Amino acid sequence: MSPGRRWLTIGRPWSSAAEVRGAQAARAKKSLGQNFLVDANLQRKIVEALGASPDDEVLEIGPGRGALTRHLVGRVGRLTLVEIDDALAAALRERFDGRPDVRIVQADVLDVDLPSILTKPENTRVIGNIPYNITTPIIFKLLERPRPLDIVLMVQAEVADRITASVGTKSYGALSVGVRSVARVERLFKVGRGAFRPVPRVESAVLRITPIRPEPLDPTEEERVRRVVRASFEWRRKQLRKILRDHPALNIKADRVNEVLNQQGLSGQARPETLEPERFVALANALL
Ligand code: SAM
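Note that the coordinates shown come from a computational prediction; the quantities given were computed from them, not determined experimentally.

Reading the values: the criteria
Residues numbered from 1 in each chain as written. Predicted model: local features only at pLDDT ≥ 70, side-chain atom pairs only at ≥ 80, totals over all residues. Heavy atoms only, no water. Phe/Tyr/Trp six-rings, centres within 6.5 Å; stacked < 30°, edge-to-face > 60°. Helix = DSSP H or I, 4+ residues; strand = E, 2+ residues; numbered from the N terminus. Buried < 20%, exposed > 50% of the residue type's maximum accessible area, 1.4 Å probe, protein only. Lys NZ or Arg CZ within 6 Å of the ring centre and 35° of its normal. Contact = heavy atoms within 4.5 Å. Near = heavy atom within 4 Å. Polar contact = N/O pair within 3.5 Å; in protein donor to acceptor, adjacent residues only side chain to side chain. Nonpolar A, V, L, I, M, F, W, Y, C, P; charged D, E, K, R; others polar. pLDDT = per-residue confidence, 0-100. Domains from an automatic or database assignment. Buried area = accessible area lost by both parts, 1.4 Å probe. Salt bridge = Lys/Arg side-chain N within 4 Å of Asp/Glu carboxyl O.

Novice: Could you clarify how one ought to interpret the packing of aromatic side chains in this entry?
Specialist: Each aromatic ring pair is described using two quantities: the centre-to-centre distance and the angle formed by the ring planes. The final tally for this structure, using the stated rule, is two aromatic pairs. Between the aromatic rings of Y172 and F233, the centroid separation amounts to 6.1 Å while the plane-to-plane angle is 75°, which identifies the pairing as edge-to-face. Residue Y172 is located in the loop between α8 (157-164) and α9 (174-180), and its partner F233 is located in helix α10 (residues 219-234); the two are separated by 61 residues in the primary sequence. Here Y172 matches F233 in class, with each residue buried. Ring geometry for F233 versus F280: centroids 5.6 Å apart, planes at 45°, classification tilted. Remark: F280 occurs in helix α13 (residues 277-287) and F233 occurs in helix α10; sequence separation between them is 47 residues. What links up through ring pairs into an aromatic cluster is the set Y172, F233 and F280. The positively charged end of R65 is found above the aromatic ring belonging to F36, 4.0 Å away from the centroid.

Novice: It is not clear to me how the environment of V152 should be interpreted in this structure. Could you clarify?
Specialist: Within the element layout of this structure, V152 appears in strand β6 (residues 150-156). Here V152 falls in the buried class, since its relative accessible area comes to 0%. V152 sits 107 residues away from E259 along the chain, and the two C-alpha atoms are 42 Å apart. Ignoring anything within four residues of it in the chain, the contact list for V152 reads I46, A49, L50, V126, I127, G128, V206, L207 and R208.

Novice: Is there a simple way to think about the site of the ligand in this case?
Specialist: Around the ligand, 22 residues are found, and the nearest of them are L37, G62, E83, D108 and N129. Taking G64, its main chain carries an N or O atom lying 3.4 Å from an oxygen atom of the ligand. Taking E83, its side chain carries an N or O atom lying 2.6 Å from an oxygen atom of the ligand. Broken down by secondary-structure element, the contributors of at least two residues to the shell around the ligand are β1 (36-37) and β3 (78-83). Residues of the shell around the ligand, tallied by class, amount to twelve nonpolar, six polar and four charged.

Novice: What's the story with the confidence of the model for the protein chain in this structure? I'm lost.
Specialist: The predicted coordinates ought not to be read in detail in places where the model reports low pLDDT. On average, residues of the protein chain score 91 in pLDDT, and 91% of them are at 70 or above. Overall, residues 1-26 carries pLDDT values under 50, and its contacts beyond four positions in sequence, including any with other chains, amount to 16 contacts.

Novice: It is not clear to me how the domain arrangement of the protein chain should be interpreted in this structure. Could you clarify?
Specialist: Accessible area lost during the coming together of the parts is what is often quoted as the interface size. Under the domain assignment, the protein chain is made up of domain 1 (17-211) and domain 2 (219-287). Measuring from the centre of the C-alpha atoms in domain 1 to the corresponding centre in domain 2 gives 33 Å. Opposite the 13 residues of domain 1 that make contact, domain 2 presents 14 residues. Summing both sides of the interface, domain 1 and domain 2 together bury roughly 980 Å²; the carbon and sulfur share of this comes to 63%. Of all residues in domain 1, V167, Y172 and V177 give up the largest surface area on contact with domain 2, accounting jointly for 43% of the area buried on that side. For R145, the salt bridge identified is with E222, shortest N-O distance 2.4 Å. Here domain 1 is connected to domain 2 by six residue pairs in polar contact (both at pLDDT 80 or more).

Set out below in structure tokens:
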């Protein structure tokens, strides 16, 4: 690059490539979890994992500087981008100006009524390299009804571990059961810290979450499961009989607890982390 061209690009003819990268990194907003994916092979691999076609409507959460977006535009039917950062949203708007297939929504994804910005929410495919500080609320929001067709997300490896954890392990908990009682989850691949700028402190992993169809639970059943699961893992060191009887969110009569535990073939001394998601579903629906 000629010095003049460099000046036009970054305004400082003497900057080295490393300085430019540093300046870009410095501008990233930590509070918004801005670690941009700069490895082009990984960008492609994540988009390929979604496997969206020109017939598909896609929602991307946190498009940032367009690392995934650039591989989606023109290859999917309709693309909706939700980005909280006004400068990044403005840059995306400018970049994709005049494209009727791309819509940019500048907002906090947690505040957006997603069905209202999508044509067919239940047929939408979701993708995102999402901010680490709000991974769990985003996943639960995406699993609200009407649920999308599928979701490919880059999350921190520790959250991927918790969601996919085997029963009986330390990582198995409310997040594992909450997600897996309504969706199938696959851990696709790991992404090292070096693939991002600025470099994050933690490793990442890509997950595919596919909501189960037809819906396995009705909304009332889902609410029951949520209550029992939340209470159980709040008291995860206690035994099941005690949790069901004494946790203030449940408070079920002792006789009823004993009856249901017998009927379900469950030991009152079992700890919550030994119950598969399906066991929680059956237990909650028998109890409440
Ligand atoms: N997709 C880009 C990439 O892979 O390089 C950016 C990923 S960066 C980890 C997360 C992105 O989510 C940032 O662009 C950030 O501004 C955006 N973001 C953070 N909080 C958000 C929120 N509540 N709603 C929507 N976008 C958010």
